[in-house]
Amino acid sequence: MAANIEFLAKYPFTKSGVSFLRKLKVPLEELLQPERRAVLNAAVVRLEQAAGIKPRSVKRAVDYLSEFLSAYVALWMVLYTKNRLLKERLADYESWRFLASSTGEPPDVLLQLAKEYDIRVAREEDELQMHFTSYLRLTRRFSAPEWRLGNREPRKGWVRISWRELRRLLSEAVRLWIVSIEREVEWLPEELRVKADKVKEHVERTVKAKTLKTRGQLPPCVEEIKQAILRGEAVSHQARFTLTTYMLSRGATVEEIVELFTSVSDYNPSITEYQVMHIAGLKGSRIRYRPPSCKKIKLWGLCPIKDGLCRFKGAQ
Amino acid sequence: MQVQGRTVVQMMFTKYYEKFSRIIYVERIDAREIGIVPFSGSMSRHMWFKEISSFRKFLREETPLHCYYSVAYYRDPSARMGEKGWIGADLVFDIDADHINAPCRPEHTPWRCKSCKEEGTKEVEACPVCGGEVDSRKWFCSSCIKAAAKEAVKVIDVLREDFGLDDIRVSFSGNRGFHIRAVSDEILQLGGHERREIGAYVMGEGVEIFGKRGIIQHIRNVRGGAWVRMPTVRDGGWKRRIAEYLLRAIEEGEIFHGVGEELKRNLKLALSGEAKPHMLVGTKALRRIIKLAERGLAELGGKIDIVVTEDIHRLIRVVNSLHGGTGFRVVPLLEAEVASFDPFSQAVVPFNEAVRIVVQYPVPRFQLLKKSYGPYHSGEEVELPTHAAVYLILRGMAVEKRESIE
């Protein structure tokens, strides 16, 4: 199936999208022309939605080509700022946008999209399977138990998934695609530079790292998780659990911990607050969870000490 | 006769490499990092050999105590760590009898009292003479290795059946366990996180026994019980393994007090896939089934060292080299040989020249090449064939008796 412009406007961050863009060879200056202003405006809106300045929406306000181009202009604006946090936010937003746009897509389109991201899927009648190598790469960040391979039924290397799950996994592929872009954009038209810097400042302001009131030094594993979160990285569920339980045990309040999580790209205030309160035993099961043991932390791959010489060993 | 400056261990290793270096093999050695521990000095890493013949020559000339190769392939294996240019890595599993609590362990745990110096070879918590603290050493027997082999067989089954990995190389580690290496382009580029998840899967970590997505799938509660979907032998992954485990338990009469005959019959049909897997089970019976399934998961989970599996730069022992902690050969094995492998006869390289040693630590009775030795007490002076003497010396249980050279 050849990718048409309608497809590319919906799914700009694909192999087909990149090759289409290469063929177009649109100079940035040309976007400043009055007839192309729609692209710039749409790009700014896209970025503002990604940064949380405006509410998210997939409603298309421009033609397909402008829509497609606006996605890349927004990306260039982010790359120009060299701000990792903003890149994570854009990646998270585009992943969400993909999920929203792909609702109701027929199986053939979803399979084509899987090809776009080199994801190995196989369809046999109604059954859909993903190769475990693709599955593991895409579920890396997923914390819900149903995504753990142990709760699946891999057979001869293939994991059965539903069409709904394929969409979710594809949206993660979009996120990974954007996060992995290392290219730098050195020049932008003045107008876009100003806008990009403004959005960057907004993100930095809202996620300003707060120093938690903790007594003494943190264990290296907890410190590393905390730093990763302050850098805006989307760390694993186990890492978040470790940080939360440890901070609670050191007397941090729910509000202080929630505030720390404001820097992660997938931050959602109400979900974060509920989860921290749940771990603190204030909601749900009313069980107050204790920090995991060193053994668990090692098993989860969160122990940064390789020589076993940790002065916090066993301390909880 | 003693040659000054060269120990019996060094002499045995030298003779071994002079005679057998032709069987040393490292696939794609030109893309691997080689590491060695010499007889004196610290470990050397970042070594590179273009061809296996030059590596064999090196072994003959240098005779290291330990030698390793990287599971990773590099563009420039001799460069510093961050500059090697990682291409990919085999997927490895390390099974060590040390991580398995074999029931025979209390029978062979040498100890010495820190206060009164009393000693023995069977496990004690405190000195039976003075009640003082004891210093214990680890010791392994054929049963310990059998327990490790059982784990290796489990891991191989998971790799084949669940992950579809067919090119699997197994070797005896040279000490107390096995190395399993899956070779495939498919897994070459997996990162540490993905490898850890595979390791966790092999261990049964994170598998939900009962729940909405559990092995025993909870559908809905009813008064006095619940509708569940039982796992069946036709399922994949852990569901199949637990279904087989529960079936065996029924057949062996282990299931269960308080579970009626009719339920057992229905359960058997469901587990074997001969009837619908959906069942209504009473609360008490369900609790027992869940408990048994949990036990099954703990038994069936492979006891691996997950840190090795997740490490994409790991060095592992070169096949057919000698292990510097035992003097045993790192033996490559066919899968069918793993379960019956006995390192105490198959990994010992016979060097029969007699050597006198002084025992430093209580040694339990042991067998090498079908011949029994020991038990020995500290201070005892004994004459043993070289391979047995080297084994005790490298285990830290004895020292070579050196005659003075006048």
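Residues numbered from 1 in each chain as written. Chains lettered and ligands numbered in written order. Predicted model: local features only at pLDDT ≥ 70, side-chain atom pairs only at ≥ 80, totals over all residues.

A. Structural view of the overall build of chain A. Along its length, chain A carries 15 helices and three strands. Rg of the C-alpha trace for chain A: 22 Å, near the compact-globule value of 20 Å for 316 residues, within the 12% margin. Taken along its principal axes, the extent of the C-alpha atoms in chain A is 65 × 50 × 40 Å. Out of the 316 residues belonging to chain A, those deemed buried represent 39%. (Helix = DSSP H or I, 4+ residues; strand = E, 2+ residues; numbered from the N terminus. Rg over C-alpha atoms; globule rule 2.2 N^0.38 Å. Buried ≥ 20, exposed ≤ 12 C-beta atoms within 10 Å, placed from the backbone.)

B. Focus on the domain arrangement of chain B. Residue and element names in this part refer to chain B. Under the domain assignment, chain B is made up of domain 1 (8–97 + 141–198 + 306–349), domain 2 (105–136), domain 3 (210–300) and domain 4 (350–406). Each of domain 1 and domain 4 was reduced to a C-alpha centroid, and the two centroids are 27 Å apart. Looking at the side of domain 1 that touches domain 4, the elements with two or more residues in it are helix H1 (8–20) and helix H10 (343–346). With four residues, H1 is the single largest residue contributor to the side of domain 1 that touches domain 4. (Domains from an automatic or database assignment.)

C. Focus on the sheet that holds strand E22 (residues 398–400) of chain B. Residue and element names in this part refer to chain B. An order of E21-E18-E22 is seen for the three strands of this open sheet, with the pairing classed as antiparallel. Because the sheet does not close on itself, it has two edges, and the strands there are strand E21 (381–385) and E22. Each strand of the sheet is rotated relative to its neighbour by a mean of 40°, with strand direction disregarded. Two elements, strand E18 (residues 354–359) and E21, share five bridges in a ladder whose sense is antiparallel. Bridge pairing in E21 links Ile357 to Val382. Packing of helix H11 (residues 386–394) onto the sheet brings it into contact with E18, E21 and E22, and relative to E21 it is tilted by some 125°. (Pairing = 2+ DSSP bridges. Axes fitted to C-alpha atoms, helices over the stretch in contact; angles between N-to-C directions. Contact = placed C-beta atoms within 7 Å.)

D. View of the nonpolar core. Residues and elements named next belong to chain B. Formed by 160 residues in total, the largest nonpolar core has its most connected members in Ala152 and Val155. By residue number, the principal contributor to this core is helix H3 (residues 142–161), which donates 10 residues. Contacts of Val155, omitting those with residues within four sequence positions, involve Phe93, Ile95, Ile180, Val202, Gly302 and Ile304. Ranked by size, the runner-up nonpolar core spans 18 residues in total, among them Ile209, Leu246, Leu271 and Val281. (Core = buried A, V, L, I, M, F, W, Y, C linked by C-beta atoms within 7 Å.)

E. Expanded view of the packing of helix H5 (residues 64–81) of chain A against helix H6 (residues 84–101) of chain A. Residues and elements named next belong to chain A. Remark: H5 packs on H6, axes separated minimally by 8 Å, with the N-to-C direction vectors making an angle of 160°. In this view, H5 runs roughly antiparallel relative to H6, as classed from their interaxial angle. The handedness of the crossing between H5 and H6 comes out as left-handed. Where H5 approaches H6, its residues Ala74, Leu75, Val78 and Thr81 are matched on the opposing element by Leu86, Lys87 and Leu90. Per-class residue counts for the contact of H5 with H6 are five nonpolar, one polar and one charged. (Parallel < 35°, antiparallel > 145°, perpendicular 65-115°, else oblique. Left-handed = near helix turned anticlockwise from the far one by under 90°. Nonpolar A, V, L, I, M, F, W, Y, C, P; charged D, E, K, R; others polar.)

F. Quick look at the environment of A:Arg152. Residues and elements named next belong to chain A. If you trace the backbone, Arg152 turns up in the loop between helix H8 (132–139) and strand E3 (158–161). The buried category is assigned to Arg152, around which 24 C-beta atoms lie within 10 Å. Considered as a pair, Arg152 and Cys303 are 151 residues apart in the sequence and their alpha carbons are 27 Å apart.

G. Up close: the environment of A:Gln49. All names here are of chain A. One can find Gln49 in helix H4 (residues 37–51). You can call Gln49 buried: it has 20 C-beta atoms within 10 Å. Once the C-alpha coordinates of Gln49 and Met77 are considered, the two residues, 28 residues apart in sequence, prove to be 14 Å apart. Residues in contact with Gln49, not counting those within four places in the same chain, are Lys54, Arg56, Ser57 and Tyr93.

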